[in-house]
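So the chains spell out like this:
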Amino acid sequence: MPVNARPMGVRLVIPALACLLLVAGCGDDTVVAADPSGTPYDGPMFVELDYGDRATALEASGAAGLALECTGTPRRGGGAGYDDGLVEVQDSPEEALQNWVDGEWVPVPASGYRIERVDDGRALLSWDVEERTRVAVIVNEDVTDYRDDTGWGVEAWASCDPAELGVDVAERLGFEVWTDTHGDPVPTSEIVSWPGPEHCDWQDITFVLMGEESDVDQDYDQYLSGDDDGQLSDYLTTTPEDSAALPDDATDTGWRRDGRELWLGADPKAAYLVSIEDPDDVELWPATKGPIGCA
């Protein structure tokens, strides 16, 4: 059964406001008519958020996490900071969502939300795939910001794994999604890649991370390619190669991307990207000696 799947039941009558689809892009708060949600959320609209490091994804997401209808494990969500000047309270739920998306970088779509429910000073805005909520944002009309103004502001948000949002959407958010042998997207909690940040001049480097939920039994779970200038050579287990030989003991992970299979080798610890069309075309991506990040 899907994680956080709401039980099917009697279709509720949705207020007129809940039948609107919010298109919240930069500078665009257009609202157009849309059909109601398939299974409207009828749980609590407020649950205290747990900001502890050991909090689960649901505990850190409050009521927004409960509103999700994920197939797999939800991604960690949170709240919004109205004390730091990045976001400000607004006159409506739609404007609050748009201001939050524009002001705080969060890995969620910038448009395509519906107001699913309004209840006792709070509104639930959902972003759906096939009538199932993949992103949920709860806004409260009684939020105070750094200017001491009170109005609508984001109280909690939560998202399913980016792979559940659709490959195109996930990639626009910066997540490079891999597929399995059947061509189905693999959750980013298992494997994900991304280009390095430009402000560290790493934009030509691609990082691959195999998460805690993957079945890979490796001491190192981060790999990279494209470090032609050797900026990160001191942090790698070996040297990248555009033309390498696949070791006899390498194992196929079953993950695919851009026409290549991902194999793992033990000595040296490295990932091998093997062309599906030409198995002799092999790239070696070194493992890192530890997590690498750019401040």
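Cut-offs used in this document
- Residues numbered from 1 in each chain as written.
- Predicted model: local features only at pLDDT ≥ 70, side-chain atom pairs only at ≥ 80, totals over all residues.
- Heavy atoms only, no water.
- Helix = DSSP H or I, 4+ residues; strand = E, 2+ residues; numbered from the N terminus.
- Polar contact = N/O pair within 3.5 Å; in protein donor to acceptor, adjacent residues only side chain to side chain.
- Salt bridge = Lys/Arg side-chain N within 4 Å of Asp/Glu carboxyl O.
- Buried < 20%, exposed > 50% of the residue type's maximum accessible area, 1.4 Å probe, protein only.
- Pairing = 2+ DSSP bridges.
- Axes fitted to C-alpha atoms, helices over the stretch in contact; angles between N-to-C directions.
- pLDDT = per-residue confidence, 0-100.
- Contact = heavy atoms within 4.5 Å.
- Disulfide = S-S within 2.5 Å.

Some thoughts on the side chain of Ser92
Part 1 of the reasoning: Within the fold, Ser92 resides in the loop between strand 3 (75–78) and helix 2 (93–103).
Part 2 of the reasoning: In terms of polar contacts, Ser92 uses its side chain to reach the side chain of Glu94, at 3.3 Å.

Description of the pattern of salt bridges
Part 1 of the reasoning: Applying the stated criterion across every chain yields a total of 14 salt bridges.
Part 2 of the reasoning: With a closest N to O distance of 3.1 Å, Arg256 and Asp252 form a salt bridge.
Part 3 of the reasoning: A salt bridge links Arg260 to Asp281, with the shortest nitrogen-to-oxygen separation between them at 2.9 Å. Remark: Asp281 occurs in the loop between strand 13 (269–275) and strand 14 (282–286) and Arg260 occurs in strand 12 (residues 260–266); sequence separation between them is 21 residues.
Part 4 of the reasoning: Residue Arg260 is classed as buried on the basis of its relative accessible area of 15%.

Considering the sheet that holds strand 13
Part 1 of the reasoning: Strands sit in the order 11-12-13-14 across an open sheet of 4 strands; the sheet is antiparallel. Only two strands of the sheet have a single partner each, and these edge strands are strand 11 (251–257) and strand 14. With strand direction ignored, the average angle separating the axes of adjacent strands in the sheet is 30°.
Part 2 of the reasoning: Strand direction decides the pairing type here: strand 11 and strand 12, joined by 4 bridges, are antiparallel. Bridge pairing links Asp252 to Trp263 in strand 12.

Description of the confidence of the model for the protein
Part 1 of the reasoning: This prediction gives the protein a mean pLDDT of 85; 84% of its residues lie at or above 70.
Part 2 of the reasoning: Across residues 5–35 the pLDDT falls below 50, and counting only partners more than four positions away or on other chains, this stretch makes 76 contacts in the model.

Observations regarding the state of the cysteines
Part 1 of the reasoning: Scanning the model with the defined rule gives 2 disulfides in all.
Part 2 of the reasoning: Each disulfide pairs two cysteine sulfurs, and for Cys70 the partner residue is Cys160, the sulfurs being separated by 2.1 Å. Here Cys70 and Cys160 share a disulfide; its torsion about the S-S bond, -95°, makes the bridge left-handed. Here Cys70, found in the loop between helix 1 (62–66) and strand 3, pairs with Cys160, found in the loop between strand 7 (150–159) and helix 3 (167–172); they are 90 residues apart in sequence, far enough to count as distant. For the pair Cys70 and Cys160, one class covers both residues: buried.
Part 3 of the reasoning: Disulfide pairing places Cys200 opposite Cys294 at an S-S distance of 1.5 Å. With the S-S bond torsion at 75°, the cross-link from Cys200 to Cys294 turns out right-handed. Here Cys294 lies in the segment after strand 14 and Cys200 lies in the loop between strand 8 (191–195) and strand 9 (206–210), a separation of 94 residues in the sequence.
Part 4 of the reasoning: For Cys200, a relative accessible area of 23% translates into the label partly exposed.
Part 5 of the reasoning: In the protein, the bonded cysteines, numbered by position in the sequence, are linked as 1-2, 3-4.

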